[in-house]
Amino acid sequence: MKEIRVFETADELSAAAAELFIKTAATAISQRGQFAVALSGGSTPAPVYKLLAEHYRDDLDWNKVFFFFGDERNVPAVSPDSNYRMVNEVLFSALPLNRDSVREWPTFREVPEKIAEDYALEIEFFFQGFPRFDLILLGLGTDCHTASLFPHTQALKENEKVAVANWVEKLNDYRLTITFPVINNAANVMFLVSGKEKVKAVAHVLEGERRPDDFPAQLVEPTSGRLFWLLDIDAAALLKAG
Ligand code: 6PG
């Protein structure tokens, strides 16, 4: 099931995303006693995290929420580029969390493959098997990457591992990322995309020719979960569908 929602402004998009996050979390907690979410990095979700911290602090039993990251840069947690650092500053530091509520990538390890291997083990241990996240938040790059699944990279072909270190030539570095099998096994997947710089990427992924190696986000097709695209009108401007 794919649902595309278009909002007048990025602020309205963020408000809707925060509301959907809380609703999905409350349902998971009431049905299964916990909510496991993989967060996205980048700039788009930051206002959503801020809203959660400021307006929804009292709306959830945060002790039943377990935060993971869909991807991470190959940098220490103190680096300005770290997704963990951004979310910790905006969200985690404002919530009454237990230490084990947040499961970040162990980027203190030196070798990217080891980081990915250990994080995969942590995810599989948490789920006692192949992970089914209650929610995975995703962004979209102008090159149609999502998480750290970049065009023409090895990770696009990974069908077994839960998490990998993905060499990204154009960044001349590794990126750490969960894989498409994990994303497509989630109960809910939510893309958050805003800004006119994303308009071509959105059109390619949602209405373009099927070219997943060029447009990797086309491979996000949850097997049984719900897929939400939350867009602002700038990012959705080239879409034909009503
Ligand atoms: C990251 C993200 C990445 C991001 C897109 C969009 O680590 O940066 O996981 O996939 O979602 O690059 O980024 P913006 O939201 O900053 O445009």
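Check the entry above for the structure.
Now for a description of the structure that goes with this document. (Residues numbered from 1 in each chain as written. Predicted model: local features only at pLDDT ≥ 70, side-chain atom pairs only at ≥ 80, totals over all residues. Heavy atoms only, no water.)

**Brief notes about the overall build of the protein**
Short version of the rule: A run of DSSP states H or I qualifies as a helix once it reaches four residues; a run of E qualifies as a strand once it reaches two. Both are numbered from the N-terminal end. Atoms counted for the radius of gyration: C-alpha only. Globule rule: 2.2 Å times the number of residues to the power 0.38. Categorising residues by exposure relies on relative accessible area from a 1.4 Å probe, with only protein chains included: less than 20% of the type maximum marks a residue as buried, more than 50% marks it as exposed, and the intermediate range marks it as partly exposed. Two residue types count as positive, namely Lys and Arg, and two as negative, namely Asp and Glu; His and chain ends fall outside the count. A charged residue contributes its charge at one atom only: NZ of Lys, CZ of Arg, CG of Asp or CD of Glu.
Of the regular secondary structure elements, the protein holds seven helices and nine strands. For 242 residues, the compact-globule formula gives about 18 Å, and the C-alpha radius of gyration of the protein, at 17 Å, lands near that figure. The principal-axis extents of the C-alpha atoms in the protein amount to approximately 45 × 40 × 35 Å. For the protein, the proportion of its 242 residues judged to be buried stands at 55%. Taking the 25 positively charged and 35 negatively charged side chains of the protein as two groups, their mean positions are separated by 2 Å.

**Considerations on the site of the ligand**
Inclusion rule: Neighbouring residues are identified by heavy atoms, a residue being near a molecule or strand if any of them is within 4 Å of it. Residues adjacent in sequence count toward polar contacts only when both atoms are side-chain atoms; beyond that, a polar contact is any pair of N or O atoms within 3.5 Å, and within protein one must be able to donate a hydrogen and the other to accept it. The Shrake-Rupley method, run with a 1.4 Å probe sphere, supplies the accessible areas, and residue values consider only the shown protein chains as cover. Throughout this entry, Asp, Glu, Lys and Arg are counted as charged residues, while Ala, Val, Leu, Ile, Met, Phe, Trp, Tyr, Cys and Pro are counted as nonpolar. The remaining residues, Gly among them, count as polar.
Within the structure, the ligand sits among 14 residues, and Thr44, Asp71, Arg73, Ala147 and Lys198 are positioned closest to it. Taking Lys198, its side chain carries an N or O atom lying 2.6 Å from an oxygen atom of the ligand. Coverage of the ligand by the protein chains reaches 87% of its 410 Å² of free accessible surface. A breakdown of the residues in the shell around the ligand according to their chemical character gives two nonpolar, eight polar and four charged.

**With respect to the packing of helix H2 (residues 46-55) against helix H3 (residues 83-90)**
Condition: Convention adopted: a line fitted to C-alpha atoms gives each axis, helices being fitted over their contacting stretch, and angles between N-to-C directions are expressed from 0 to 180 degrees. Two helices that cross are described as forming a left-handed crossing if the nearer one is turned anticlockwise from the farther one by less than a right angle, and a right-handed crossing if clockwise. Should any heavy atoms of two residues lie within 4.5 Å, those residues are considered in contact.
Between H2 and H3, the shortest axis-to-axis distance is 9 Å and the interhelical angle comes to 35 degrees. In this structure, the crossing between H2 and H3 has a hand that is right-handed. Across from Ala46, Tyr49, Lys50 and Ala53 in H2, the residues of H3 making contact are Met86, Val87 and Val90. Its residues assigned to classes, the contact of H2 with H3 shows six nonpolar, no polar and one charged.

**Re a nonpolar patch on the surface**
Put simply, the test is: Excluding any residue in a salt bridge, patches collect residues exceeding 30% relative accessible area, merging like charges within 9 Å and nonpolar Val, Leu, Ile, Met, Phe, Trp and Tyr side chains within 5 Å. Only one rule defines a salt bridge in this text: a Lys or Arg side-chain nitrogen within 4 Å of an Asp or Glu carboxyl oxygen.
Where nonpolar side chains cluster on the molecular surface, the patch consists of Ile4, Val6 and Ile233 and spans about 230 Å² of accessible area. Here Ile4 lies in strand S1 (residues 2-7).

**Here we look at helix H6 (residues 199-207)**
Because an α-helix packs 3.6 residues into every turn, residues spaced three or four apart end up facing the same way. Along H6, the positions that sit buried rather than exposed are Val199, Ala201, Val202, Ala203, Val205 and Leu206. Those residues of H6 hidden inside the fold are in contact with S1, strand S8 (188-193), strand S9 (226-232) and helix H7 (233-236).

**Here's the deal with unusual backbone geometry**
Phi at Gln128 takes a positive value of approximately 55 degrees, unusual for a residue other than glycine. Looking at the element boundaries, Gln128 is found in the loop between helix H4 (112-127) and strand S5 (135-138). By relative accessible area, Gln128 is classed as exposed at 62%. Residues other than glycine seldom take positive phi values, yet Ala147 does so here, at roughly 50 degrees. Locating Ala147 in the fold gives a position in the loop between S5 and strand S6 (163-168). Note on Ala147: relative accessible area 11%, which makes it buried.

**Quick notes on the pairing of strand S7 (residues 173-178)**
The condition is simple: Only strands that DSSP links by at least two bridges are regarded as paired with each other.
Both strand S4 (residues 71-73) and S7 contribute to a ladder of three bridges, which runs antiparallel. Bridged to Glu72 within S7 is Leu176. Pairing geometry for S6 and S7, over six bridges, is antiparallel. Paired with Ala163 across the two strands is Ile178, which belongs to S7. Linking S6 to S7, which pair antiparallel, is a turn of four residues; within it Asn172 sits at a positive phi near 50 degrees.

**Here's the deal with the sheet that holds S7**
Here three strands make up an open sheet; going across it, the order is S4-S7-S6 and the pairing antiparallel. Because the sheet does not close on itself, it has two edges, and the strands there are S4 and S6. Strand after strand, the sheet turns through a mean of 25 degrees between neighbouring axes, direction not considered.

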